[in-house]
Amino acid sequence: MAWVPAASGNRYAPAMTQAASFQADADTNSLGDAVAGSTDRARIACPSCDLLFDVTDLPDGATANCSRCGNFLTTNKSDAFERVTSACIAALVMLAVACAFPFMQFSRAGLENTMTLPQTVMELWNNNMPWLAIIVASFILIIPAVVTICMLVLSITLTRNHSPSWLRQLGSTVFHLQNWSMVEVFFVGVLVSLVKIAKMATIVLGTSFWAYAAFTVLFTLAVTNLDKFQSWQKIEALAAE
Amino acid sequence: MSNARTAASQDLSSCHICLKLVNSELHHCPRCGSAMHKRKSDSLQRTLALLVTSTILYIPANILPIMYTDQLSNSAGSTIMGGVVLLIKLGSVPIAAIIFIASVLVPSAKLMMMYYLCWTVARGNLGSERQRTVLYRVTEFIGKWSMIDVFVVAILVALVHLSGILVFRPGVAAMAFAGVVIVTMIAAESFDPRLMWDNLEEEAEDE
């Protein structure tokens, strides 16, 4: 069963040529290469089209994409967890700075108003929109903070080869919540509002603005480096020991 | 078996949280503990119900004012489209375009794309599975970007607050709009793209 990679499947990495050579075959025989305890081969079903792939021998740095629908499957980076750890630590520092300092200052005709990040939430609350305040707070502060802390603990635990009993719970929290963080969307929202009122008044960007920009970059970096499949393979392998 | 290539054909289910392949008879994933389904349960019905909900929410989101501007003693509400028109009049065409694409084009296009995907699955359409999968991934990706307008309201309300001179207040449409975004995101999450490929598998088995 030879699977020819479709032309568009090559866009992720040059290593794709190697990854594409993985056979989409369910009949995998045990080759004794124990990746995850009792399970002998690392197999993955494409989340979009259910096709089976054997990704046991995915080389370091390579990315595997589904040969039928092109969906991303997994990527194998040996230093991924270290990258996640450092990105998360830096991201948390930036988030703390972003919450503590002024975000933007608005001044017009001698009057001025300074706004902090938590104020975006507080003002909605004061305007009798508690639900909207909760939604905005969750998407831009609470979920990103929880996900970053969980990713940090997860990556540290996995790097140190520990297997505490709550590791599974931690893993599912991270991968459940990840889709519901809107850090980057909020940042584009900030830029749009800046341009919207730039003609109306003088806007001064505060420390918090730059810190949140850095947080956006670092958070995205951590999320993209934390591969779902590889993390769970490692969690399982550690639990089996 | 020549076409025994999918997990389902091997009586395996893929865990949606940790991607583990387990026997389809199991109800809980042995690795992460989440509930197991071969396919997302009642995918079409749930997705359609959520799509209808967000379509209904989409009406107040567009008709009602998303933000009020209190300037001196005047108070004026502006709708999403009103804001776009105002920006064009003021000459900020690029920003008007961003707001228009994020708040008008993306949500409506997303709703239509999801309806179309549900319709093709219900009809058992064959062909163009790959394109439809890409379409699904696009709807999944652009979903949260519609929140831009809600965030713009939140920021402006907090920033522009000069009592008695110029105050921005949030409107009901902001809440409705946030509802549209969240409900369509859940709709995209409950849709199972593998259903499209299952049609293809069944066809192959019949031959």
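Remarks on the overall build of chain A
No. 1: Across its full length, chain A carries eight helices and seven strands.
No. 2: Expressed as a percentage of the 241 residues in chain A, the buried residues total 44%.
No. 3: Across chain A, contacts joining residues at least 24 apart in sequence account for 65% of those joining residues at least 6 apart.

Let's talk about the sheet that holds strand β7 (residues 202-205) of chain A
All names here are of chain A.
No. 1: The strand order β6-β5-β7 describes an open sheet built from three strands, whose pairing is antiparallel. Single-partner strands in this sheet number two, and they are β6 (111-116) and β7. Looking at each pair of strands side by side, their axes are set apart by 15 degrees on average, direction ignored.
No. 2: Pairing analysis gives six bridges linking strand β5 (residues 102-108) to β6, with the strands arranged antiparallel. Directly across from Met104, in β6, lies its bridge partner Met115.

Things to note about the sheet that holds strand β3 (residues 67-71) of chain B
Residues and elements named next belong to chain B.
No. 1: Taking strand neighbours across the sheet as the criterion, the four strands line up as β4-β3-β6-β5 in an open arrangement whose pairing is antiparallel. Edge positions in the open sheet fall to β4 (74-78) and β5 (161-162), since each of these has one partner strand only.
No. 2: Pairing of β3 with β4 involves five bridges; the strand directions are antiparallel. Bridging from a neighbouring strand, Thr69 pairs with Ala76 of β4.

Quick notes on the interface of chain A and chain B
No. 1: Counting from both sides, the interface comprises 51 residues of chain A and, opposite them, 49 residues of chain B.
No. 2: Elements that contribute at least two residues to the side of chain A that touches chain B include exactly β1 (43-45), β5, β6, α3 (117-126), α4 (130-159), α5 (167-177), α6 (183-197) and α8 (228-240) of chain A.
No. 3: The biggest single contributor to the side of chain A that touches chain B is α6 of chain A, with ten residues.
No. 4: For the side of chain A that touches chain B, the residue count by class is 31 nonpolar, twelve polar and eight charged.

Quick word on the pairing of β5 of chain A
Residues and elements named next belong to chain A.
No. 1: Hairpin remark: β5 followed by β6, antiparallel, with two residues in the connecting loop; positive phi at Ala109, about 50 degrees.
No. 2: The pairing of β5 with β7 spans four bridges and is antiparallel. By the bridge assignment for β7, Phe106 is matched with Ile203.

Some thoughts on unusual backbone geometry
Glycine aside, residues mostly have negative phi, and peptide bonds are mostly found in the trans state.
No. 1: We note that Asp50 of chain A has phi near 75 degrees; this positive angle belongs to a residue other than glycine.
No. 2: Here Asp50 of chain A is to be found in the loop between β1 and β2 (52-54).
No. 3: Under the C-beta neighbour-count criterion, Asp50 of chain A is labelled buried, with 28 such atoms within 10 Å.
No. 4: One non-glycine residue, Leu19 of chain B, lies in positive phi territory at about 65 degrees.

Observations concerning the domain arrangement of chain B
Accessible area lost upon the coming together of the parts serves often as the stated size of an interface.
No. 1: By the assigned domains, chain B splits into domain 1 (1-38) and domain 2 (42-206).
No. 2: Centre-to-centre, using C-alpha coordinates, domain 1 of chain B lies 33 Å away from domain 2 of chain B.

Looking at helix α7 (residues 194-206) of chain B
Residue and element names in this part refer to chain B.
No. 1: Between its first and last C-alpha, α7 extends 18 Å over 13 residues, near the 18 Å set by a 1.5 Å rise per residue.
No. 2: Within α7, burial applies to Arg194, Met196, Trp197 and Asp198.
No. 3: Where the residues of α7 are buried, they touch α3 (93-123) and α4 (129-142).

Reading the values: rules and limits
- Residues numbered from 1 in each chain as written.
- Chains lettered and ligands numbered in written order.
- Predicted model: local features only at pLDDT ≥ 70, side-chain atom pairs only at ≥ 80, totals over all residues.
- Helix = DSSP H or I, 4+ residues; strand = E, 2+ residues; numbered from the N terminus.
- Buried ≥ 20, exposed ≤ 12 C-beta atoms within 10 Å, placed from the backbone.
- Contact = placed C-beta atoms within 7 Å.
- Pairing = 2+ DSSP bridges.
- Axes fitted to C-alpha atoms, helices over the stretch in contact; angles between N-to-C directions.
- Nonpolar A, V, L, I, M, F, W, Y, C, P; charged D, E, K, R; others polar.
- Domains from an automatic or database assignment.
- Expected span 1.5 Å × (residues − 1).

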